[in-house]
Amino acid sequence: MDTLAQPSRVDEAVAPVLARPQLDLELRGIRKRYGDFTAVDGISLKVAKGQFVCLLGPSGCGKTTTLRCVAGLEEPDDGGVLIGGKEVTRNPPWQRDIAMMFQDFALFPHMTVAKQVAFGLEMLKKPKAEIAKRVHEVLTSFEIAVLADRKPASLSGGQRQRVALARAMITEPRILLLDEPIGALDYSLRETVMLELKLLQQRTGISFIWVTHDQNEAFSLGDLVVVMNHAHIEQQGTPEEILQRPATAFVAGFVQGNNVFRGRVVEVTAGLAKVATAAGSFLVSVGPSPPLAGDEVSFSVRAERITDIVSDRHLNVLSARCTAVEYFGSVRRHIFERADGEVLKYDQFGAHAARIAVGQRSTLGWQPEDSVLHTGRVE
Amino acid sequence: MSTIRVRSPASYWLAVPAAAWMLGVVVVPIVLLVWVSFWGGRTFSTTSPLTFDNYARFFANQTYVKLAMSTVVHTATLMAVTGVLGYCIAYFLTMKVRSPIWRMALFLAFIVPFWTSTLIRAIAWIPFLGVNGVINQTLMFVGVTQSPIEAFLYSRTGITMAQVSLYTMMAAGPVVYMLNSIAPALREAAMTLKAPPLVVFWRIVFPLTLPGVVIGQVLVFLNVMSDFATVATIGGNKHALLSNLVLLFYEGSQIRAASVVAVLLMICMLIGVVAALRVVDIRRLGADR
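Please read all numbers here as calculations on a predicted model, not as lab measurements.

**Student:** Give me the lowdown on the side chain of E234 of chain A, citing residues and values where you can.
**Tutor:** The residue E234 of chain A is located in strand 10 (residues 232-237) in this model. Within the local environment of E234 of chain A, its side chain forms a polar contact with the side chain of T248 of chain A, the two groups lying 2.6 Å apart.

**Student:** Tell me about unusual backbone geometry, residues and numbers included.
**Tutor:** The backbone phi angle of F105 of chain A is positive, close to 75 degrees, even though this residue is not glycine. With respect to the element layout, F105 of chain A can be found in the loop between strand 6 (98-101) and helix 3 (113-123).

**Student:** Explain the confidence of the model for chain A to me, and be specific about the residues and the numbers.
**Tutor:** Note that predicted coordinates carrying low pLDDT should not be read in detail. When pLDDT is averaged along chain A, the result is 90, and 93% of the positions lie at 70 or above. The secondary-structure element of chain A with the lowest mean pLDDT is helix 1 (residues 9-19) of chain A, recorded at 45, while strand 3 (residues 52-56) of chain A shows the highest, at 97.

**Student:** With reference to specific residues and values, describe the sheet that holds strand 14 (residues 296-302) of chain A.
**Tutor:** Residue and element names in this part refer to chain A. Read across the sheet, five strands follow the order 13-12-11-14-19 without closing on themselves; strand pairing throughout is antiparallel. Of all the strands in the sheet, just strand 13 (280-285) and strand 19 (371-373) have a single pairing partner and so form its edges. For this sheet, the mean inter-axis angle between neighbouring strands, taken without regard to orientation, is 40 degrees. Summarising the sheet, strand 11 (residues 258-269) and strand 12 (residues 272-277) pair through six bridges and their orientation is antiparallel. Of the residues in strand 12, the one forming a bridge with R264 is A276.

**Student:** Give me the packing of aromatic side chains: which residues, what numbers.
**Tutor:** The full count for this structure, using the stated rule, is 21 aromatic pairs over all chains. Every member of this aromatic cluster is reached through a ring pair, and the members are Y87, Y91, F201, W202 and F206 of chain B. Residue placement shows R167 of chain A over the ring face of F108 of chain A; its charged tip is 4.5 Å from the ring centre. Taking NZ or CZ as reference, R338 of chain A lies 4.0 Å from the ring centre of F261 of chain A, over its face.

**Student:** Residues and numbers for the sheet that holds strand 9 (residues 224-229) of chain A, please.
**Tutor:** Residue and element names in this part refer to chain A. Reading across the sheet, the six strands line up as 6-7-8-3-9-10 and stay open at both edges, with mixed pairing between neighbours. Lying at the two open borders of the sheet, with one neighbouring strand each, are strand 6 and strand 10. Going from strand to strand, the sheet's axes swing by 20 degrees on average, the running direction of each strand aside. Judged from the five bridges that link them, strand 7 (residues 175-179) and strand 8 (residues 207-212) form a sheet pairing that is parallel. By the bridge assignment, I175 is partnered in strand 8 with S207.

**Student:** Account for the interface of chain A and chain B, naming residues and giving values.
**Tutor:** Interface size is commonly expressed as the accessible surface area that is lost when the partners come together. On the side of chain B, 19 residues touch chain A, which itself brings 24 residues to the contact. For the pair chain A and chain B, the summed buried area comes to about 2,100 Å², and 72% of that belongs to carbon and sulfur atoms. Where chain A meets chain B, there are two salt bridges. Here chain A and chain B share five residue pairs in polar contact (both at pLDDT 80 or more) between them. Among the elements of the structure, helix 2 (63-71), strand 6, helix 3 and helix 5 (157-169) of chain A are those that each provide at least two residues to the side of chain A that touches chain B. The biggest single contributor to the side of chain A that touches chain B is helix 3 of chain A, with four residues. Of the residues assigned to the side of chain A that touches chain B, the class counts are 18 nonpolar, two polar and four charged.

**Student:** Describe the environment of G212 of chain B, naming the residues involved and giving the relevant values.
**Tutor:** Residue and element names in this part refer to chain B. Locating G212 in the fold gives a position in helix 10 (residues 197-226). Remark: the alpha-carbon pair of G212 and V279, spanning 67 residues in sequence, is separated by 12 Å. Leaving out residues up to four positions away in the same chain, G212 has contacts with P174, V175 and M178.

**Student:** If you had to explain the domain arrangement of chain A to someone new, which residues and values would you point to?
**Tutor:** Residues and elements named next belong to chain A. Taken domain by domain, chain A holds domain 1 (9-243) and domain 2 (245-373). Measuring from the centre of the C-alpha atoms in domain 1 to the corresponding centre in domain 2 gives 37 Å. The contact between domain 1 and domain 2 buries some 1,000 Å² in all, and 59% of this surface belongs to carbon and sulfur atoms. If you sort the residues of domain 1 by the area they bury against domain 2, Q215, E234 and L243 come out on top, with a joint share of 46%. At the boundary of domain 1 with domain 2, the tally comes to six residue pairs in polar contact (both at pLDDT 80 or more). Elements supplying a minimum of two residues to the side of domain 1 that touches domain 2: helix 7 (215-221), strand 9, strand 10 and helix 8 (239-244). Examining the composition of the side of domain 1 that touches domain 2, we find that four residues originate from one element, helix 8, more than from any other. Classifying every residue of the side of domain 1 that touches domain 2 by side-chain character gives seven nonpolar, five polar and three charged.

Rules of the game
Residues numbered from 1 in each chain as written. Chains lettered and ligands numbered in written order. Predicted model: local features only at pLDDT ≥ 70, side-chain atom pairs only at ≥ 80, totals over all residues. Heavy atoms only, no water. Helix = DSSP H or I, 4+ residues; strand = E, 2+ residues; numbered from the N terminus. Polar contact = N/O pair within 3.5 Å; in protein donor to acceptor, adjacent residues only side chain to side chain. pLDDT = per-residue confidence, 0-100. Pairing = 2+ DSSP bridges. Axes fitted to C-alpha atoms, helices over the stretch in contact; angles between N-to-C directions. Phe/Tyr/Trp six-rings, centres within 6.5 Å; stacked < 30°, edge-to-face > 60°. Lys NZ or Arg CZ within 6 Å of the ring centre and 35° of its normal. Contact = heavy atoms within 4.5 Å. Buried area = accessible area lost by both parts, 1.4 Å probe. Salt bridge = Lys/Arg side-chain N within 4 Å of Asp/Glu carboxyl O. Nonpolar A, V, L, I, M, F, W, Y, C, P; charged D, E, K, R; others polar. Domains from an automatic or database assignment.

Below is the structure:
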């Protein structure tokens, strides 16, 4: 049985999930303090079988500590860790059904590539012949068989990454933990490696928990994206949910392309809330549980939902001066100066629309339903 | 980038002072020593014929040969004891002591005795090991023994005890350095690959500290082989090693015999160092990281 080389196992892996839903990982309110500093403050998370989960957040938000609690490298002060439905909170790393890929890969400097990759199987006390066979298979499927007798010092960054991945995957763990696994790679390599890892994850059905501060990674890879800040979870959901419906001002601000406004609700009428902000008053559509007049709220508008061709439908308008234009190939981003001193981002797709020059004043508009009122906890 | 190219003529001049010093105090004396050890005949002069007689005389004497053997055994014992002890201390200091303040305090406590000279430290053992010394007093006070144990001072045991305390530091120092250079992620990676702590130590930590162990062993080896002061002080006149023999011959104006022993001692040391270098390439220390 070689899950790393045979794509056919996907079907087998999916079937039991439908019949008997089982969680690969469950975190129940884990907490971790270092002296006065709270690194993780009550994180709860459920990871279904074979899910690709990305823990996304700025540095120091507790995502790595959370991952280390799952690995058993840190013991949470409070809360529980369940792997495959089994309580493992107090178990050491070597008694958990996980493998981990470290940020700088943590390859053993004194071992050849073949030895590194064999290490996990040796720990599982597999017969020698089987280990040799499996190592050869895995090295071949990761296209690093030619490196078998080399030591890490003589490998390139991309090669080290493959060795680290092969070393972790060969034991076929239930969960693979990845701590910024492509952060050490050249930028040009990252996209290729990301795609390979995504395909590998889908093929093997092993749950991936991927820690990153790079939202491009999180949104292009994750089935579930968990946005963290200050030791707690701000929002978890599919990439679409987080991109389209950010729950908090932090999430909206952290995710690229959002314009965040903070203000006070003036009045609420027929599904619309009027919010007074330092940049003006705006109408925001509200959901089933609308805020009350006087509430402090925040909302956001995505840069691509704004237009400079304002019509009657655009109930929210704003006049501002363009201070910079950034060109990304498919998108042209205009940076405007808002009345409250913050910036307003406006994205234009393609080359057809009229350009706005730097220094030019424009009237920009958006509809109430283009904006999202944040419903999560307010900072 | 340095403006001095590695093999430029200018860079050679930088090596001249050190080279002249080494030539004067190391190379020339050694050449003289080797030369003198082959001098034969009755007169002691540069016109003496060169023979192997001095060496033949040394190896013909069973006492000397036994002394040479016991020097090797003694040194090997010291290497083993200080190696294990030094490694334990180094591991404890770097891996187990978490607080930086405690680590510094313990490290200082560990090295403070080394601020005095070897001879003073050797002499300091006498009131400790003697018949009415601290150890015997303590043992009798605790009731382990009724009468003082005489085996401590002027004995092989006493010499070993004193030398262990003198040289454990040398075995531990390089290991501390090597342990500190192991990234914590390496041990963690091994643990997540299902390796329990003992296996992590044996498969990851120990191999990575091996160069430090070997350097420490070389230091202990060289020092114990050449340490006549401790042996003379604590061994009294009952015990001697090769290095004491050199002194004995020298004081008896038997310069040729002293040279022979000195040369043999040097050969032993060279063999030891070459053997160590074959185990670990000390020159490439840390190159893997």
